[in-house]
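# Architecture at a glance
Single-letter residue listing:
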Amino acid sequence: GPNGLRALRFIGGEALLSKIMENGVELKGTVIVISSKMDPMVIPDTAEADTGLSQVFIPWGVMRSLLAEQLPSDSISTGVGGDITGYQPVESTIQPMITPEKPFLPQSFDLVVGADGAASTFRHLIQNDATFLPPNKAQAARRSDLKDGGRMNIKAVVPKKMDEASFKPGHSYAHFAAGGGVACFAGPASADSTYWAISIADEKKDEETEDMFEFLSDIDRDDNNAVKQTLLSKLKGLELEECQFVIDLIESTEAECIYLQRSIEAESIGPSLVSKDNNIVLVGDAAHCMSNSYGQSSNFAFEDAASLAVCIRDGKDLGSALETFSESRVARCIEMQTRSAERAAKAMKGEQVEDVSKWIFEWDIQ
């Protein structure tokens, strides 16, 4: 979105922004497929008219490569860090540790940026004013403040273009099955690829209990072939023509490309994103794991990166810079949640609602 693009332009200049636009597809609008007996609802995207910047679809792999180009190649290590469980103070610095006896790296650091996702080690340490996760309970501790949103999300990118004879170029498509149990989405991921995404709500096992059945809980979720076939069976079982556009894409998808994700969000954001010793700061989902329905996880992470850089650049010292960063980011996330909740409440009453995305897109680096 425009907010994420402004952050990325701050990070990598017009050169990075140009590469993103070259490798992505500008969103022209959204098509809501209501019923096979009704014409689809076409909602034009007004981001570019409102802000001068459009919303852009781009595959994550391409985006990561473009971002990696901004860093010295010898500064990147992948597939490491997941076993960090805490840190030990070393004078005014800290040394990340795998166990209290085993360092992650031999050196210590003035600042560790905790970008370790929703199940964050560093968020737990900050919120509990601790230096290590509880022994033998690391996984549970990382997820202790997360709440499940009651939906399974399945998605992939297919190396094929949407048929322009059947689909409007530059438009995403969506269908919401009656009752909201299944939501289907598809659209351009790049000039020559298409994304699809399915969100399926948990169902009651029976009417006499509160027990819920999670979609795919009865199969091995690491078996992508089983996931693909179970998903296709679910969608075909709905017997809805409105889902056919995404069924066709799923059938064209290599099973190993399918990605699963439960809907989760943090029970609260803040009150601080910084450790008391000012050696750790949280960004991305580690800082503000919010509902997927906002569609802002990556944009807010880019905002975090640009905002943190500005605060450190302009702050009189590291402590005050991190405090400014934390206060501004917590306030923005809470305001977005508040605006979204107010919008949902008004919509339920049939009242006129605010387009929260317009407020989101107004953000600019200060």
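Structure shown above.
Procedures and definitions
- Residues numbered from 1 in each chain as written.
- Predicted model: local features only at pLDDT ≥ 70, side-chain atom pairs only at ≥ 80, totals over all residues.
- Heavy atoms only, no water.
- Buried < 20%, exposed > 50% of the residue type's maximum accessible area, 1.4 Å probe, protein only.
- Helix = DSSP H or I, 4+ residues; strand = E, 2+ residues; numbered from the N terminus.
- Pairing = 2+ DSSP bridges.
- Salt bridge = Lys/Arg side-chain N within 4 Å of Asp/Glu carboxyl O.
- Polar contact = N/O pair within 3.5 Å; in protein donor to acceptor, adjacent residues only side chain to side chain.
- Contact = heavy atoms within 4.5 Å.
- Expected span 1.5 Å × (residues − 1).
- Arc of directions from axis to C-beta.

### Re the pairing of strand S12 (residues 193-201)
Buried residues dominate S12, accounting for nine of its nine residues. Neither face of S12 is exposed, since Ser193, Tyr195, Ala197, Ser199 and Ala201 on one face and Thr194, Trp196, Ile198 and Ile200 on the opposite face are all buried. Across eight bridges, the pairing between strand S9 (residues 146-158) and S12 is antiparallel. Of the residues in S12, the one forming a bridge with Arg151 is Ala201. Relative to S12, strand S11 (residues 182-190) is paired through eight bridges, and the arrangement is antiparallel.

### So, the pattern of salt bridges
Within the structure shown, the criterion is met by 17 salt bridges. The closest approach of N and O atoms between Glu214 and Arg221, which form a salt bridge, is 3.1 Å.

### Observations concerning the side chain of Asn153
Positionally, Asn153 belongs in strand S9. Within the structure, the side chain of Asn153 is placed 2.9 Å from the side chain of Ser199, a separation counted as a polar contact. Reaching out from Asn153, the side chain makes a polar contact with the side chain of Ser263 at a distance of 2.8 Å. Sequence-distant contacts of Asn153, that is, excluding residues within four places in its chain, are made with Ile198, Ser199, Tyr259, Leu260, Gln261, Arg262, Ser263 and Asn292.

### Overview of helix H6 (residues 224-237)
Between its terminal C-alpha atoms H6 stretches 20 Å, which fits the 20 Å expected from 14 residues at 1.5 Å a residue. Residues Asn224, Val227, Lys228, Leu231, Leu232 and Leu235 constitute the buried set of H6. Angularly, the buried residues of H6 cover 125° about the axis, an arc narrow enough to put them on a single face. Pointing more than 90 degrees away from the buried face of H6 are the exposed residues Asn225, Ser233 and Gly237. Where H6 is buried, its residues meet S9, S11, S12, helix H7 (244-251) and strand S15 (259-266). Capping the start of H6, Asp223 holds a side-chain oxygen 3.2 Å from the backbone nitrogen of Asn225, two or three residues further along. The positive-phi residue at the C-terminal boundary of H6 is Glu239, with phi of around 55°.

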